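So the chains spell out like this:
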Amino acid sequence: MPSNVYGQTNQESIDLPKIKSMENGSLTDLLYQRRSVRNFSPGEITLDQVSRILFSAQGITRQNRFRTVPSAGALYPLEVYLVTGSVQGLEAGVYAYRPHGHELIQVSSGDRREELAGQCYGQMWVAEAQAVVVICAVYDRVTGKYGQRGERYAHIEAGCAAQNVSLTGYSLGLGSTVVGAFSDKGVAEVVKAAGREEKPLVVMPVGLMSEERD
């Protein structure tokens, strides 16, 4: 049928095969399900769920080096933190994820979710999620090789990691969304990245979905 795309008027369009939701849990099914979730139910999530979510963001998959997301020059500028208060078997606190060893290192104790939500310009629903993933970047890891364009590469990698978290969460029955409106300095202070060359890029609350979804 005729197309009215700018610069391509009167060109014939090509109908593509329709994409239907496939078997439960397939990638296509998860893509159909994915939504931005800002309403969370009370309760706890499991340490296994947390493990899978963090692995999806930066887990090592082969040769003790390559990870679940593409990274320019395999330089991996991202650092991932977990802010939580409602995970079975995990003390409330802030944790740094270490891909080598697939482990968490506690950087502070106590439930900091409300403080983090406050740094997201008062989006207090962030604190209702059982856990919040914070993705930061160390630009120097990539700009040394790629110059200023390395910052763009870090942003691309952060987007890939965020989508992995979103889809993995849905596969586990958990909702999430990407929050980009926050105080860089404030979020860095919450996760104890302040004073280091780590710049917060993404805040992702992850938790049990309520019936209300965006």
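Within each chain, residues carry numbers counting from 1 in the order of the written sequence. For a predicted model such as this one, the threshold for reporting local features is a pLDDT of at least 70, and the threshold for listing and counting side-chain atom pairs is 80 or more; totals across whole chains, interfaces and linings nevertheless cover every residue. Excluding hydrogens and water, the side-chain values take into account all heavy atoms of the structure.

Topic: the overall build of the chain
Moving on, step 1. Counting its secondary structure elements, the chain contains 6 helices and 10 strands.
Moving on, step 2. Values of the radius of gyration come from C-alpha atoms, whereas the globule rule sets the reference at 2.2 Å times the count of residues to the power 0.38. The C-alpha radius of gyration computed for the chain amounts to 19 Å, which stays within 12% of the reference 17 Å derived for 214 residues, consistent with globular compactness.
Moving on, step 3. Its C-alpha atoms put the chain at 60 × 45 × 40 Å along the principal axes.
Moving on, step 4. Between buried and exposed lies partly exposed: a residue is buried under 20% and exposed over 50% of the maximum accessible area for its type, with that area taken using a 1.4 Å probe on protein chains only. Across the 214 residues in the chain, those meeting the buried criterion constitute 45%. Segments assigned H or I by DSSP are reported as helices when at least four residues long, segments assigned E as strands when at least two residues long, and all are numbered from the N terminus.

Examining the side chain of Glu 79
Moving on, step 1. Along the chain, the position of Glu 79 falls in strand 5 (residues 78-84).
Moving on, step 2. Reaching out from Glu 79, the side chain makes a polar contact with the side chain of Arg 98 at a distance of 3.5 Å. Pairs of N or O atoms within 3.5 Å make up the polar contacts considered here, provided that, within protein, one atom can donate a hydrogen while the other can accept it, and that residues adjacent in sequence are counted only when both atoms are side-chain atoms.

Some details on the side chain of Glu 157
Moving on, step 1. Within the secondary structure, Glu 157 is located in helix 5 (residues 149-171).
Moving on, step 2. For Glu 157, which is buried and forms no salt bridge, the nearest opposite charge comes from Arg 67, at a distance of 5.8 Å.
Moving on, step 3. Not counting residues up to four positions away in its chain, the partners in contact with Glu 157 are Gln 58, Val 69, Pro 70, Ser 71, Tyr 76, Pro 77 and Leu 78. Only four residue types enter the charge count, namely Lys and Arg as positive and Asp and Glu as negative; His and the chain termini do not. Within this document, salt bridges are pairs made up of a side-chain nitrogen of Lys or Arg and a carboxyl oxygen of Asp or Glu, the two lying within 4 Å of each other. Any two residues having at least one pair of non-hydrogen atoms within 4.5 Å are treated as being in contact.

A short note on the sheet that holds strand 10 (residues 199-208)
Moving on, step 1. With antiparallel pairing, 6 strands are arranged side by side in an open sheet as 7-6-5-8-10-9. The open sheet is flanked by strand 7 (103-109) and strand 9 (174-176), the only strands paired with a single partner. Within the sheet, the average angular offset between the axes of one strand and its neighbour, ignoring direction, is 25°.
Moving on, step 2. Two elements, strand 9 and strand 10, share 3 bridges in a ladder whose sense is antiparallel. Note on strand 10: the bridge partner recorded for Leu 174 is Leu 208.
Moving on, step 3. Relative to strand 5, helix 2 (residues 47-58) is tilted by about 160°, and along the sheet it contacts strand 5, strand 6 (93-98), strand 7, strand 8 (131-137), strand 9 and strand 10.
Moving on, step 4. To define axes, lines are fitted to C-alpha atoms, for helices over the stretch in contact only, and angles between the resulting N-to-C directions are given on a 0 to 180 degree scale. Across the sheet, helix 5 is in contact with strand 5, strand 8, strand 9 and strand 10; its angle to strand 10 comes to roughly 5°. One bridge is not enough; two strands pair if DSSP finds at least two bridges between them.

Considering helix 5
Residues three or four positions apart in an α-helix share a direction because the helix packs 3.6 residues into each turn.
Moving on, step 1. Its 23 residues give helix 5 an end-to-end C-alpha distance of 34 Å, which sits within 8% of 33 Å, the value for a rise of 1.5 Å per residue.
Moving on, step 2. All buried positions along helix 5 are accounted for by Gly 150, Ala 154, Glu 157, Ala 158, Ala 161, Ala 162, Val 165, Ser 166, Leu 167, Thr 168, Gly 169 and Tyr 170. Each residue after the first adds 1.5 Å to the expected span of a helix.

Regarding the pattern of salt bridges
Moving on, step 1. Enumeration according to the criterion identifies 5 salt bridges in this entry.
Moving on, step 2. Note that Asp 48 is salt-bridged to Arg 52, the shortest N-O span being 2.9 Å. Of this pair, Asp 48 and Arg 52 are both found in helix 2, 4 residues apart, which corresponds to roughly one turn of the helix.
Moving on, step 3. Given the relative accessible area of 42%, Asp 48 is considered partly exposed.
Moving on, step 4. Judged by its relative accessible area of 46%, Arg 52 is partly exposed.
Moving on, step 5. The salt bridge partner of Glu 115 is Arg 112, with a shortest N-O separation of 2.6 Å.

Focus: unusual backbone geometry
Glycine aside, a negative phi is what most residues show, and trans is what most peptide bonds show.
Moving on, step 1. The phi dihedral of Ala 74 falls on the positive side, at around 50°, and the residue is not glycine.
Moving on, step 2. By the element assignment, Ala 74 lies in the loop between strand 4 (66-67) and strand 5.
Moving on, step 3. The class for Ala 74 is buried, based on a relative accessible area of 16%.
Moving on, step 4. Even without being glycine, His 102 reaches a positive phi, approximately 45°.
Moving on, step 5. Secondary-structure assignment places His 102 in the loop between strand 6 and strand 7.
Moving on, step 6. Given a relative accessible area of 35%, His 102 falls into the partly exposed group.

Things to note about the pairing of strand 7
Moving on, step 1. Inspection of the sheet shows strand 6 paired to strand 7 by 6 bridges, in the antiparallel sense. Considered in strand 7, the bridge of Gly 93 is made with Ser 109.
Moving on, step 2. Counting the residues between successive antiparallel strands, the hairpin from strand 6 to strand 7 contains 4 residues, one of them, Gly 101, with a positive phi of roughly 100°.

Coordinates in, geometry out; function isn't part of it.
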